[in-house]
Amino acid sequence: MTSVFPEHGRSQEEVLAALADHRAKDLKSDGHAFAFVYDAGDDARAIAREAFVASMGANGLDPTAYPSTRKLENGFIATCLELVRAPQGAVGTATAGGTESVILAVKAARDFFRKTRPEITSPKMLLPETAHACFHKAAAYLGVEIVTVDVDESFRAKVDDARAKMTKDVILVVGSAPSYAHGVVDPIPELATLAKEHGVLMHVDACVGGWVLPFLRENGIEVPPFDFTVDGVTSLSMDMHKYGFAPKGVSAVLMRDRALRDAQYFACAKWSGYSIVNSTTLGSKSAAALGAAVAVLGHLGRARYRENAKKMWNATEKLCAVVQTTPGLRLLAKPDMNLFAFTTTEGDVFELADRMTARGWHVQATYAFGASPAHIHLTLDPGNSDNVDAFAADLRAAAADLPPTQQPPAQVLMLLDQLAKGGEGAAKIDSSMLLGALGIVDGQMPSKSAPIHRLLNAASPDVREKLLVLFIGELFS
Ligand SMILES: *Cc1c(COP(=O)(O)O)cnc(C)c1O
């Protein structure tokens, strides 16, 4: 690590040139990324940049000192509420991202029941195994226990399983609209009915779908019910920095009524400084990304969102058909939206991912978990939708003559085994040993990722987590 703090300052050009240089290796928004990038084009990016800078100095910590932050947030939330057809009296909060929206929804549920049902001492949430990792983070941070709900062969939550696992300690039922990995919407009405029957809350995670599903519906495409028109849905999250096409740092958490949101807030007057009331996890927070979000909405307008939704859906149907007609490939589930998962029938899926990388595409290699096998995840956005024909041609070519699925080398499997057993053997394994075995030197990734993916895929989820902590710790040392 090298410090970035010279004794005497450098010129603006020099400093900015260094920043631009760092950015050179980052993933590009050039239509070649089929994960991570949500890009509505040059004009959306340009106006976001200007608006980001214009709102940068506003601090959302105090909406009375910075009334612009209140104006921006109320306008943004009114738009979100309208899109997901929230009833009169519904409210919301602008957050820094999907993870924060979910943490706040879980916190609101926990604190709501602490007040209304203090007899619940070990609160639980019913969570489909396909729900986003951020619910596990919320659970870990907030001391809420997860009860995993199984999914069916289409990767949708099994309502019967949820019902069987409902106990008097459950405070929250969760469904995704859609799930990130497979792009399928859980049976939200059935889950919401179950929640309501037991007098508990129901959160719909529409982080990735909230800015697409309403516009698919407006295009006449069938969308499963998922929003506030479903009786029993009490909160919903939707990310503006995904398909809202805003820069990173904006999402929304919406609540059916104010009493629930009161439980989301945190107020403190027990110290010698200024009293606080925070709607989110942060204290001081810039309105930069929120300002950019509002500018992008105003510039693109509903029509562009509707057009983009249609374009992304057409590209998705095309690519799904390619997967279904290419020998050696298998679609894991027909998606409800423009993101999906596919795998290989016998060839090595991680080799396939490397071949696509070599052809200039970014795809997301994903590990086996529960009912879901190791697969490649694709996210369609307006940018890459223009390139699906070229992508499809490369995918067909790359899927031919794949080597059979491979296991990590025996010596690596032994290390995994030691890590799984824990104790002294595991303590002796240091990160350099593991990373060296994988060809990661000085945080530089090797040109082929398949060996790393095979290792992580072969590891149990617990060991996988340990390895990831080792790896990221190494990157930041
Ligand atoms: C992306 C995503 C999240 C988390 O959002 P972040 O903005 O990355 O924190 C939660 N749920 C789903 C379904 C998502 O796709």
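Going by the structure above, here's the rest.
Predicted, not measured: the structure shown is a model, and the values here were computed from it.

Draft legend 1. Representation of the sheet that holds strand β4 (residues 170–176) within the structure. Strand order in the open sheet formed by seven strands is β1-β7-β6-β5-β4-β2-β3, with mixed pairing between adjacent strands. Edge positions in the open sheet fall to β1 (91–95) and β3 (145–149), since each of these has one partner strand only. On average, adjacent strands in this sheet sit at an angle of 20° to one another, irrespective of strand direction. Two elements, strand β2 (residues 124–128) and β4, share three bridges in a ladder whose sense is parallel. Residue K124 lies in a different strand from β4, and its bridge partner there is V170. Against the sheet, helix α5 (residues 133–142) engages β2, β3, β4 and β5 (201–205), with an angle of about 165° to β2.

Draft legend 2. Expanded view of a nonpolar patch on the surface. On the surface, a cluster of nonpolar side chains totalling about 260 Å² of accessible area is made up of V15, L16 and L19. Along the polypeptide, V15 turns up in helix α1 (residues 12–23). A relative accessible area of 41% places V15 in the partly exposed class.

Draft legend 3. Up close: the pairing of β2. With five of its five residues buried, β2 lies for the most part within the structure. Residues of β2 alternate between two faces, with K124, L126 and P128 on one and M125 and L127 on the opposite face, all of them buried. Of the crossover connections in this fold, the one passing from β2 over α5 to the parallel β3 is right-handed.

Draft legend 4. Main features of the packing of helix α10 (residues 288–325) against helix α13 (residues 388–399). Between α10 and α13, whose axes approach to 10 Å, the crossing angle comes to 15°. Comparing the axis directions of α10 and α13 gives the class roughly parallel. The way α10 lies across α13 gives a crossing that is right-handed. Contact with α10, carried on its side by A315, K318, L319, V322, V323 and T325, involves V388, D389, F391, A392, L395 and R396 of α13 and no other residues of that element.

Definitions and limits used
- Residues numbered from 1 in each chain as written.
- Predicted model: local features only at pLDDT ≥ 70, side-chain atom pairs only at ≥ 80, totals over all residues.
- Heavy atoms only, no water.
- Pairing = 2+ DSSP bridges.
- Helix = DSSP H or I, 4+ residues; strand = E, 2+ residues; numbered from the N terminus.
- Axes fitted to C-alpha atoms, helices over the stretch in contact; angles between N-to-C directions.
- Contact = heavy atoms within 4.5 Å.
- Patch = residues over 30% accessible without salt bridge, like charges linked within 9 Å, V, L, I, M, F, W, Y side chains within 5 Å.
- Areas by Shrake-Rupley, 256 points an atom, 1.4 Å probe, with all protein chains shown as cover.
- Salt bridge = Lys/Arg side-chain N within 4 Å of Asp/Glu carboxyl O.
- Buried < 20%, exposed > 50% of the residue type's maximum accessible area, 1.4 Å probe, protein only.
- Right-handed = clockwise from strand over helix to strand, strands pointing away.
- Parallel < 35°, antiparallel > 145°, perpendicular 65-115°, else oblique.
- Left-handed = near helix turned anticlockwise from the far one by under 90°.

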